Amino acid sequence: MTILALNRPKMTLISLNIEAIALGVYLIRDAFGGVIRYYTSIYHLNPLWYVPDGVALLCLAQFFVHCILRNRSTLALLVFVQIMLSLVLGYFMLGTMNAAISAFKMMLPVFVGFCFCDSSLGSYRKLLSVIAVTFYLSMIGVLLTKFYLMPWVGYKYESFGAVREAGRLWWAYGGDDQRLMGFAADNTMAAFFILVSFAITSIRKSTTWCLLFGSIAIYAIKLTTSKTTMIVLVLYLLLLVFVRMLPEKSRFPAIRTIAQWSFASIFAPFFMIVIASGTAAVPHSTLFSIVDRINNSWQKPFIYLSQLMPVGLVTGCGAGCFNYPQQLFSPLAPFWVPVDNFYIGTYLMFGLPFVAFMVMVFRATFGATDVYKLTLLFVVNLFTITVLNYGPASGLLIIALSFSEVFSRRATSARGADAVPIVMRPPMRPVDGFRPDLPAASGSR
């Protein structure tokens, strides 16, 4: 492995792996959102719900110090400026301060995920333990709600003056299947946390463990009726077995190739629109939800945007538009429709600059050496075909983490000869034969 010249300087003010703490508290809050929201409300401890957002503010500062100042990443500076400008644009678009505050809070997890740019998720041992426990408890929660009615289901609470309800369903799935939502109080997110925590935990588990608990996870996700999540998990298991059957030296290149090809899923909605646009959605049918997305979710926002702000088709209409800040806090709420696709929803907010950013993210995968980030890229690219994934916050955080390699010193060095070099730690223990170079994060784990 190539040894570069300088050691990475340690953070002086915020070198406590604050990104790991933020991810951990976000994950706990969101994966057990129904439980926490219910009990903090009835015991009048509502401010505790916003503790992860306070930690994320420190990550925003860390992103600025580490990625922009230390790594001297021009891309990081441009992304930071673009997000700030989009927040301002979103304020004028949505028209209320509550919408602007909600949009700012919505974007904070992005900076948490980006702070993992020069580290491997696998080096955060305690965080991996939290994620593994989340996997087991999330499955148990779904199974429990099959037999018991949890007290938080249907519980209404107030947030920034808007009344929200635990257990709101995101899918127009069709049929009369019971949607089990576990401790997360949302069926789609309960399935998401099972999927993501399994994918992360499985990397250093035996194939036998993966097949056993993967099968249980598929059954639990089936109970949530989240079909996209179940399909992604089945594909992940099949590819996991396939990769582990390859010769050792071929395994990591195969993972990288799979992650890169997963970006093709970005174009899936456009092909579906061309093929099936105008097809009548039959209620209570298996394909009702996807046909509804083709006819409404993926097209109507652009129709409304062309009426409200035509230039927004190029520049975007600002952070929060066609997202829950618009739905809950804006006079433009009548124009809100559920977008149900991460890439379409993000393009609506940020416009063409987001396309340029994604080109750089894809380019960064050619030099990526972290099995965890490449695995998450595959998972989130397929999962977000039918889910916006901006709420709860952990969904957006996981996406940002999988993109974070684009701000790493490795990627910055590839874009400019004057970038600050680093020393990479020796590779960690092989992952069932995978031997990538895993960059180290500062501080102890």
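Residues numbered from 1 in each chain as written. Predicted model: local features only at pLDDT ≥ 70, side-chain atom pairs only at ≥ 80, totals over all residues. Heavy atoms only, no water.

### Some details on the overall build of the protein chain
Piece 1. Across its full length, the protein chain holds 20 helices and two strands.
Piece 2. When burial is assessed residue by residue, the protein chain has 57% of its 445 residues classed as buried.
Piece 3. Taking as baseline every contact in the protein chain between residues at least 6 positions apart, the subset at least 24 positions apart corresponds to 78%.
Piece 4. Accessible area of the protein chain: about 18,600 Å², with a carbon and sulfur share of 69%. (Helix = DSSP H or I, 4+ residues; strand = E, 2+ residues; numbered from the N terminus. Buried < 20%, exposed > 50% of the residue type's maximum accessible area, 1.4 Å probe, protein only. Contact = heavy atoms within 4.5 Å. Areas by Shrake-Rupley, 256 points an atom, 1.4 Å probe, with all protein chains shown as cover.)

### Let's talk about the confidence of the model for the protein chain
Piece 1. When the pLDDT values of the protein chain are averaged, the result is 86; 83% of them are 70 or greater.
Piece 2. With pLDDT under 50 throughout, residues 1–15 is counted as low confidence; its partners more than four residues away or in other chains account for 34 contacts. (pLDDT = per-residue confidence, 0-100.)

### A short note on empty space enclosed by the protein
Piece 1. What the rule picks out here adds up to five cavities of 30 Å³ or more.
Piece 2. One number sums up the size of the largest cavity: a volume of about 210 Å³.
Piece 3. Along the walls of the largest cavity sit 15 residues, with Tyr 236, Leu 240, Val 243, Ile 255 and Thr 375 positioned nearest its centre.
Piece 4. Ranked by residues supplied to the lining of the largest cavity, first place goes to helix 9 (residues 227–244) with five residues.
Piece 5. Residue classes in the lining of the largest cavity are distributed as 12 nonpolar, two polar and one charged. (1 Å grid on protein atoms, 1.4 Å probe; cavity = no way out; pocket = protein on both sides within 12 Å on 5 of 7 lines; lining within 4 Å. Points joined across faces, edges and corners; volume = space filled by probe spheres on them. Nonpolar A, V, L, I, M, F, W, Y, C, P; charged D, E, K, R; others polar.)

### Examining the state of the cysteines
Piece 1. Applying the stated rule across the entire model yields one disulfide.
Piece 2. The disulfide partner of Cys 317 is Cys 321, and the gap between their sulfur atoms is 1.8 Å. Its torsion about the S-S bond being 70°, the disulfide of Cys 317 and Cys 321 is classed as right-handed. The burial state of Cys 317 is the same as that of Cys 321; both residues are buried.
Piece 3. Cys 59 carries a free sulfur, and the closest cysteine sulfur to it, the one in Cys 115, is 4.7 Å from it.
Piece 4. On the basis of relative accessibility, which here comes to 0%, the residue Cys 59 falls in the buried class. (Disulfide = S-S within 2.5 Å.)

### A look at unusual backbone geometry
Piece 1. The omega torsion across Gly 391 and Pro 392 is 0°, close enough to zero to call that bond cis.
Piece 2. The backbone phi angle of Phe 322 is positive, close to 55°, even though this residue is not glycine.
Piece 3. Relative to the helices and strands, Phe 322 resides in the loop between helix 14 (312–315) and helix 15 (324–329).
Piece 4. We note that Asn 389 has phi near 70°; this positive angle belongs to a residue other than glycine.
Piece 5. Positionally, Asn 389 belongs in the loop between helix 18 (371–383) and helix 19 (393–403).
Piece 6. Relative accessible area serves as the criterion here: at 0%, Asn 389 is assigned to the buried category.

### With respect to the environment of Ser 394
Piece 1. Tracing the backbone shows Ser 394 in helix 19.
Piece 2. For the pair Ser 394 and Val 25, spaced 369 residues apart in sequence, the C-alpha to C-alpha distance is 9.4 Å.
Piece 3. Excluding residues that lie within four positions of it along the chain, Ser 394 makes contacts with Tyr 26, Leu 27, Asp 30 and Phe 193.
Piece 4. Within the structure, the side chain of Ser 394 is placed 3.0 Å from the backbone oxygen of Tyr 26, a separation counted as a polar contact. (Polar contact = N/O pair within 3.5 Å; in protein donor to acceptor, adjacent residues only side chain to side chain.)

### Description of the packing of helix 4 (residues 74–94) against helix 5 (residues 97–114)
Piece 1. Relative to each other, helix 4 and helix 5 sit at 160°, their axes nearing to 9 Å. Accordingly, the angle class assigned to the pair helix 4 and helix 5 is roughly antiparallel. In terms of crossing hand, the pair formed by helix 4 and helix 5 is right-handed. In this structure, helix 4 contributes Val 79, Phe 80, Ile 83, Met 84, Leu 87, Tyr 91 and Leu 94 to the contact, and helix 5 contributes Met 97, Ala 99, Ala 100, Ala 103, Phe 104, Met 107, Val 110, Phe 111 and Phe 114.
Piece 2. A breakdown of the residues in the contact of helix 4 with helix 5 according to their chemical character gives 16 nonpolar, no polar and no charged. (Axes fitted to C-alpha atoms, helices over the stretch in contact; angles between N-to-C directions. Parallel < 35°, antiparallel > 145°, perpendicular 65-115°, else oblique. Left-handed = near helix turned anticlockwise from the far one by under 90°.)

### With respect to the environment of Leu 23
Piece 1. In this structure, Leu 23 sits in helix 1 (residues 18–31).
Piece 2. Residue Leu 23 is classed as buried on the basis of its relative accessible area of 3%.
Piece 3. Sequence separation of Leu 23 and Ser 394 is 371 residues, and the distance between their C-alpha atoms is 7.4 Å.
Piece 4. With residues up to four places along the chain from it excluded, the contact list for Leu 23 reads Val 112, Phe 116, Leu 121, Leu 127, Leu 397, Ile 398 and Leu 401.

### So, helix 19
Piece 1. Among the 11 residues of helix 19, 11 are classified as buried, and the element is accordingly described as predominantly covered.
Piece 2. All buried positions along helix 19 are accounted for by Ala 393, Ser 394, Gly 395, Leu 396, Leu 397, Ile 398, Ile 399, Ala 400, Leu 401, Ser 402 and Phe 403.
Piece 3. For helix 19, the elements touching its buried residues are helix 1, helix 5, helix 7 (187–202), helix 16 (342–350), helix 17 (352–364) and helix 18.

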